Amino acid sequence: MGRDAAGNKVTGTGEKMKACKQMLVLLIAAAMFCPMAGRSAEPERPNIVFILADDLGYGDVGAYGCKDIQTPNLDQLAATGVRLTDGYASAPYCGPSRAGLMTGRYQQRHGFRHNPAIQQGGSPLGLDAGEETLGDVMTRAGYRTAAYGKWHLGASECFHPNNRGFYEFYGFLGGGHCYFPMQYADKMKAWANQPDRPVTDLYMYATPLQINGIDLPPQEGYLTDLLTTQAIAFMKGFQHRPLFLYIAYNAPHVPLEAPQEYLDKYSNIQNKDRRTYAAMVDNLDWNVGRILAALDELGKRDNTLVVFMSDNGGPEKNGADNGPLRGQKGDTTEGGVRVPFIFNWPGGLPHGREVHVPISSLDLLPTFVALGGVEPAGKPLDGVNVLPWLRGEAKGIPHEQLFWDRDGKCGMRAGDYKVFRMKEGAPWTLCNLTEDIGEQKDLSAQMPEKVEAMSAAYGAWLDPMPPARWTDPQQ
Ligand code: CA
């Protein structure tokens with residue numbers, strides 16, 4: 001290396017070639033470590049943000065007819081995306097519903113028919129290790145994955161979200177949690193300091209929040225806000241690869257607790273439970289708005305698929321409202337399983353479209369892996385890629401049959417019709433959902449052949465399933 005007349009350093013030809021070679025090596029190395037390497041000819045894969053509400057009723061969102069709770073962000077999500085009128089969870093309550101959506105397979109196929117006991121270290125109760133999860137497949141697709149909030153798929157280390165495909169986890173492993181951690185600080189510390197960490201009602205919603213398996217000291221703030229803040233930090237931290245976020249809010253599940261400013265907003269609602277529930281849903285909606293604003297800020301909104309749904313119908317004792325539907329959380333009538341369900345992807349889905357064909361939470365995994373450009377490596381799926389139906393490109397319906405079962409309380413939908421019974425051995429009721437969304441008019445006496453065919457199909461579906469691997473902890 002020499003210097004020019006002005007004394008600047010100059011590089012000879014040989015050194016230039018050496019520098020070029022070094023640059024080439026650097027570029028190749030950069031390409032090798034870039035997850036999008038080799039994909040430049042393909043359209044950029046979308047980020048996916050899957051937001052799950054807990055125990056939110058079909059009629060508790062403005063876009064689904066709610067009048068007394070303000071949900072402007074969810075309403076906007078529906079108005080600018082695809083709103084499902086016939087969107088379903090695969091189970092009428094928490095744990096089994098999550099086991100279905102997490103695997104794309106009826107949870108009965110892997111024995112997950114009941115909630116696992118909460119917070120039992122070393123417990124064998126959890127999502128079967130042989131099942132591939134949303135986190136697994138999206139990690140395999142090259143996505144950076146994260147889960148927030150409620151897990152409820154097993155509390156032992158082998159079931160931990162970090163061991164089921166999620167790079168980051170912030171939340172709690174059980175079926176619910178208090179919303180103001182500081183109010184439960186003493187309980188949390190006492191629980192964390194006991195070697196056996198007892199499973200009791202006293203502690204089950206007051207376990208420490210954790211990040212990646214590490215217990216955190218009680219935090220100031222409201223849980224729905226805290227979960228959102230962490231999710232947004234993750235989005236900002238991994239901007240150079242596609243993201244998959246599973247944000248499983250526990251709101252508006254019990255305990256009914258809401259920030260005072262939200263309670264004040266609904267002081268006109270006389271029923272205290274409904275008032276608190278409304279405040280929780282309003283806050284949930286505000287936090288959905290925070291997620292969308294963060295995506296906007298990062299320039300990712302156009303190429304992010306946001307999916308919003310509830311894990312099951314709303315419980316009336318909490319003040320939830322399932323709109324015109326019959327029944328509630330726990331039931332296999334529509335009120336237990338038909339839920340608010342919205343897909344929104346500005347760059348990839350129609351704006352303001354309504355879809356009336358039955359679509360299930362089981363369809364999320366096949367749809368997400370299609371977007372991720374990989375094939376499921378696990379067992380045969382019950383869900384299907386529903387993008388063609390969301391886009392209005394498909395004929396027919398994605399599911400000729402859908403099934404629900406909770407210990408003999410069951411339901412089966414085929415096209416417009418649904419049969420259900422309220423308990424094992426009870427008579428079947430047959431309804432035409434297109435004409436009778438509230439399942440009020442029993443057609444079984446008029447159409448016995450249809451009842452026989454549909455109930456036989458239900459039996460043929462359930463009979464080969466393995467037995468439940470455990471019963472509900474409260475049973
Ligand atoms: Ca639930």
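Rules used throughout
Residues numbered from 1 in each chain as written. Predicted model: local features only at pLDDT ≥ 70, side-chain atom pairs only at ≥ 80, totals over all residues. Heavy atoms only, no water. Buried < 20%, exposed > 50% of the residue type's maximum accessible area, 1.4 Å probe, protein only. Helix = DSSP H or I, 4+ residues; strand = E, 2+ residues; numbered from the N terminus. Pairing = 2+ DSSP bridges. Donors = N, O, S within 2.8 Å, 3.2 Å for Na, K, Ca; no water. Tetrahedral: all angles 85-135°; square planar, octahedral: opposite > 155°, others 65-115°. Axes fitted to C-alpha atoms, helices over the stretch in contact; angles between N-to-C directions. Parallel < 35°, antiparallel > 145°, perpendicular 65-115°, else oblique. Contact = heavy atoms within 4.5 Å. Nonpolar A, V, L, I, M, F, W, Y, C, P; charged D, E, K, R; others polar. Phe/Tyr/Trp six-rings, centres within 6.5 Å; stacked < 30°, edge-to-face > 60°. Salt bridge = Lys/Arg side-chain N within 4 Å of Asp/Glu carboxyl O. Expected span 1.5 Å × (residues − 1).

### Observations concerning the pairing of strand 17 (residues 417–421)
And step 1. The element strand 17 is extensively covered by neighbouring structure, given that 5 of its 5 residues are classed as buried.
And step 2. Examined bridge by bridge, strand 16 (residues 409–414) and strand 17 share 5 bridges and lie antiparallel to one another. Bridge assignment links glycine 411 to a residue of strand 17, and that residue is phenylalanine 420.
And step 3. The hairpin formed by strand 16 and strand 17 contains 2 residues between the paired strands, and glycine 415 there has a positive phi angle of roughly 65 degrees.
And step 4. Alignment of strand 17 against strand 18 (residues 429–432), held across 4 bridges, turns out to be antiparallel. Opposite lysine 418, over in strand 18, you have cysteine 431 as the bridge partner.

### Observations regarding the coordination of the calcium ion
And step 1. Coordination of the calcium ion by the protein is provided by Asp54 (OD), Asp55 (OD), Cys94 (SG), Asp311 (OD), Asp311 (OD) and Asn312 (OD1), with metal-donor distances spanning 2.2 to 2.6 Å.
And step 2. Classification of the site at the calcium ion rests on its 6 donor atoms, whose angles at the metal span 53 to 156 degrees, yielding the label irregular.
And step 3. All donors to the calcium ion come from one chain, and their sequence spacing reads D-D-x38-C-x216-D-N. Linking aspartate 54 in the loop between strand 3 (47–53) and helix 2 (72–79) with cysteine 94 in helix 3 (residues 94–103), this pair joins segments that are 40 residues apart in sequence.

### A short note on the packing of helix 2 against helix 9 (residues 272–297)
And step 1. Their axes nearest at 7 Å, the elements helix 2 and helix 9 cross at an angle of 55 degrees. The angle between the axes of helix 2 and helix 9 places the two elements in the oblique class. Together, Pro72, Asn73, Leu74 and Leu77 of helix 2 and Asp285, Trp286, Val288, Gly289 and Leu292 of helix 9 make up the contact between the two elements.
And step 2. Taken together, the residues of the contact of helix 2 with helix 9 sort by class into 6 nonpolar, 2 polar and 1 charged.

### Here's the deal with the sheet that holds strand 18
And step 1. Taken in spatial order, the 4 strands line up as 15-16-17-18 in an open sheet, and their pairing is antiparallel. Each edge of the open sheet carries a strand with a single partner, namely strand 15 (402–406) and strand 18. Strand-to-strand twist across the sheet, computed as the mean angle between neighbouring axes with direction ignored, equals 15 degrees.

### A word on the packing of aromatic side chains
And step 1. Going through the model one piece at a time under the given rule, you end up with 21 aromatic pairs.
And step 2. Seen in terms of ring centroids, tyrosine 167 and phenylalanine 238 are 5.6 Å apart; in terms of plane orientation they differ by 85 degrees. Their pairing is edge-to-face. Of this pair, tyrosine 167 sits in the loop between strand 6 (144–150) and strand 7 (168–172) while phenylalanine 238 sits in the loop between helix 7 (223–237) and strand 10 (243–248), and the two are 71 residues apart along the sequence.
And step 3. Residue class for tyrosine 167 comes out partly exposed when judged on its relative accessible area of 45%.

### So, unusual backbone geometry
And step 1. Omega for the bond connecting alanine 251 with proline 252 falls within 30 degrees of zero, at 0 degrees, which places this linkage in the cis form.
And step 2. Position of proline 252 among the secondary structure elements: in the loop between strand 10 and helix 8 (260–265).
And step 3. Residue valine 254 is joined to proline 255 through a cis peptide bond whose omega torsion reads 0 degrees.
And step 4. By secondary structure assignment, the location of proline 255 is in the loop between strand 10 and helix 8.
And step 5. For asparagine 212, which is not a glycine, the phi torsion comes out positive at approximately 50 degrees.
And step 6. Within the fold, asparagine 212 resides in the loop between strand 8 (210–211) and strand 9 (214–215).

### Let's talk about the sheet that holds strand 7
And step 1. The 10 strands are arranged 9-8-7-6-10-3-11-12-4-13 in an open sheet whose pairing can be described as mixed. Bordering the open sheet on either side are strand 9 and strand 13 (353–355), each of which pairs with just one other strand.
And step 2. Summarising the sheet, strand 3 and strand 11 (residues 304–310) pair through 7 bridges and their orientation is parallel. Residue valine 49 lies in a different strand from strand 11, and its bridge partner there is valine 306.
And step 3. Set on the sheet, helix 7 makes contact with strand 6, strand 7, strand 8 and strand 10; between it and strand 6 the angle comes to about 175 degrees.

### Considerations on the packing of helix 7 against helix 9
And step 1. Remark: helix 7 packs on helix 9, axes separated minimally by 10 Å, with the N-to-C direction vectors making an angle of 10 degrees. By the criterion of interaxial angle, the relationship of helix 7 to helix 9 is roughly parallel. Within the contact between the two elements, helix 7 uses Thr224, Asp225, Thr228, Thr229, Ala231, Ile232, Met235 and Lys236 and helix 9 uses Asn283, Leu284, Trp286, Asn287, Arg290, Ile291, Ala294, Leu295 and Glu297.
And step 2. Along the lines of polarity and charge, the residues of the contact of helix 7 with helix 9 split into 8 nonpolar, 5 polar and 4 charged.

### Concerning the pattern of salt bridges
And step 1. Throughout the structure, instances matching the rule amount to 20 salt bridges.
And step 2. One salt bridge connects arginine 274 with aspartate 60, and the closest N-O pair in it is separated by 2.8 Å. With a gap of 214 residues between them, arginine 274 in helix 9 and aspartate 60 in the loop between strand 3 and helix 2 connect regions that are remote in the sequence.
And step 3. Note on arginine 274: relative accessible area 9%, which makes it buried.
And step 4. The closest approach of N and O atoms between arginine 83 and glutamate 354, which form a salt bridge, is 2.7 Å. One end of the pair, arginine 83, is in strand 4 (residues 82–84); the other, glutamate 354, is in strand 13, and 271 residues separate them in sequence.
And step 5. Members of the salt-bridge network, linked through shared partners, are Asp86, Glu334, Arg338, Arg413, Lys418 and Glu439.

### Comments concerning the pairing of strand 7
And step 1. For strand 7, the tally of buried residues reaches 5 of 5 residues, placing the bulk of the element in the interior.
And step 2. Burial along strand 7 is two-sided: Glu168, Tyr170 and Phe172 and Phe169 and Gly171, pointing in opposite directions, are all buried.
And step 3. Examined bridge by bridge, strand 6 and strand 7 share 5 bridges and lie parallel to one another. Bridged to tyrosine 148 within strand 7 is tyrosine 170.
And step 4. In terms of strand pairing, strand 7 meets strand 8 through 2 bridges, oriented antiparallel. Note on strand 8: the bridge partner recorded for tyrosine 170 is isoleucine 211.

### Re helix 7
And step 1. With 15 residues, helix 7 extends 21 Å from end C-alpha to end C-alpha; this agrees with the ideal 21 Å at 1.5 Å per step.
And step 2. Three or more residues of helix 7 are buried, namely Leu223, Thr224, Leu226, Leu227, Thr228, Ala231, Ile232, Phe234 and Met235.
And step 3. Those residues of helix 7 that are buried are in contact with strand 6, strand 7, strand 10 and helix 9.

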